[in-house]
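# Residue-level structure breakdown
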Amino acid sequence: METDNADSVDERTTPDLTKIRFDELETVEMTQADSETEFGVSIPFAPEFPATTGLELSGGHTVVYTEIPPGKELGTHTDSPEELLVCLEGDGVEIWAGDGGGELAAGEMAVFPAMEPHGLRNTGSETARFVAFFSDSTTVHEFEAPLDPLGDSIVRT
């Protein structure tokens, strides 16, 4: 059975199924003064976040969708729970956590321990896209410097 791509979240939600498309998510562009930090982010199931679907998850977890343009980064930060980061698109993505580092590409996943400083830099030629899963329904993300347009270095989801 073939169905149309619905524009409305309500048309993609039934009592038994919630479905979103990453390419349809609105993102908020985040930057930090005096750094290469520039990324687009959506926290689709956090109704208080500026880029959201308006839906809430009933389980104990958080989902974050992020896009990083070529030559830009998601600066060093910590997250209160463990993070599972899946690279959907991109190659040449440098990742670091604590004293370690490496590279991440489409189809690969990185695991960042809770409260371990980590970040990403897109050294590739295309926008890198990620989805991150956190094991807690309330997640605190703390950056080294305030994020614009939020004006704060702490983001709660």
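You'll find the structure just up there.
Residues numbered from 1 in each chain as written. Predicted model: local features only at pLDDT ≥ 70, side-chain atom pairs only at ≥ 80, totals over all residues. Heavy atoms only, no water.

### Notes on the packing of aromatic side chains
What counts is decided by this rule: Centres within 6.5 Å make a pair out of two Phe, Tyr or Trp rings, where for Trp the six-membered ring is used; the pair is then stacked when the planes are under 30 degrees apart, edge-to-face when over 60, and tilted otherwise. In this description a helix means any DSSP run of H or I spanning at least four residues, a strand means any run of E spanning at least two, and both kinds are numbered starting from the N terminus. Three exposure classes are used, based on accessible area relative to the maximum for each residue type with a 1.4 Å probe and protein chains only: buried under 20%, partly exposed in between, and exposed over 50%.
One pass over the full model with this rule turns up 2 aromatic pairs. Each ring, one from Phe39 and one from Phe143, has its centre 6.2 Å from the other, and the planes form 15°; the classification is stacked. Note that Phe39 is positioned in strand S4 (residues 38-42) and Phe143 in strand S13 (residues 140-147), a separation of 104 residues in sequence. For the residue pair Phe39 and Phe143, the accessibility class agrees, reading buried in each case.

### Some details on the pattern of salt bridges
A side chain of one charge can pair with a side chain of the opposite charge when the charged atoms of the two come close. To keep things clear, this is the line we draw: The term salt bridge refers to a side-chain nitrogen of Lys or Arg lying within 4 Å of a carboxyl oxygen of Asp or Glu.
In this structure the tally under the stated criterion is 7 salt bridges. Here Arg21 and Asp23 are joined by a salt bridge, their closest N and O atoms 2.7 Å apart. Classification of Arg21 as partly exposed rests on a relative accessible area of 31%. Judged by relative accessible area, Asp23 falls into the exposed class, the value being 58%. The shortest N-O distance in the salt bridge between Arg129 and Glu89 comes to 3.2 Å. Taken as a pair, Arg129 in strand S12 (residues 128-134) and Glu89 in strand S7 (residues 83-89) lie far apart in primary sequence, 40 residues in all. Relative accessible area serves as the criterion here: at 24%, Arg129 is assigned to the partly exposed category.

### A few points about the side chain of Asp79
To be explicit about the condition: His is not counted, nor are the chain ends; Lys and Arg add positive charge and Asp and Glu add negative charge. Under this definition, polar contacts are N or O atom pairs within 3.5 Å; protein pairs additionally need one hydrogen-donor-capable and one acceptor-capable atom, and for neighbouring residues in sequence, both atoms have to be side-chain atoms. Should any heavy atoms of two residues lie within 4.5 Å, those residues are counted as being in contact.
Within the element layout of this structure, Asp79 appears in strand S6 (residues 73-79). Comment: no salt bridge for buried Asp79; closest opposite-charge side chain is Arg156, at 12 Å. There is a polar contact of 3.0 Å between the side chain of Asp79 and the side chain of His118. Residues within four places of Asp79 in sequence aside, it is in contact with Ala114, Met115, His118, Phe134, Val140 and His141.

### Overview of the sheet that holds strand S10 (residues 109-112)
So the rule is basically this: At least two bridges found by DSSP between two strands is the condition for calling them paired. Fitted lines through C-alpha atoms give the axes, limited to the stretch in contact for helices. The angle between two N-to-C directions lies from 0 to 180 degrees.
Across the sheet, which stays open at both edges, the 6 strands sit in the order S3-S4-S5-S12-S7-S10 with antiparallel pairing between neighbours. Two strands close off the open sheet at either side, each with one partner strand: strand S3 (28-31) and S10. Geometrically, the sheet is characterised by an average inter-axis angle of 25° between neighbouring strands, direction not taken into account. Where S7 lies against S12, 6 bridges are found, and the strand directions are antiparallel. Opposite Glu83, over in S12, you have Phe134 as the bridge partner.

### Quick look at the sheet that holds strand S14 (residues 152-156)
Read across the sheet, 6 strands follow the order S9-S8-S11-S6-S13-S14 without closing on themselves; strand pairing throughout is antiparallel. Each having just a single partner strand, strand S9 (100-104) and S14 make up the two edges of the open sheet. Direction aside, the axes of adjacent strands within the sheet are offset by 25° on average. Judged from the 3 bridges that link them, S6 and S13 form a sheet pairing that is antiparallel. Paired with Thr78 across the bridge in S13 is Glu142.

### A few points about the pairing of S3
Alternating positions in S3 separate cleanly, Val28 and Met30 being buried on one face and Glu29 and Thr31 remaining unburied on the opposite face. Looking at chain direction, S3 and S4 are connected through 4 bridges and run antiparallel. Residue pairing across strands places Thr31 opposite Glu38, the latter belonging to S4. Between the end of S3 and the start of S4, which pair antiparallel, lie 6 residues, with Asp34 showing a positive phi angle near 60°.

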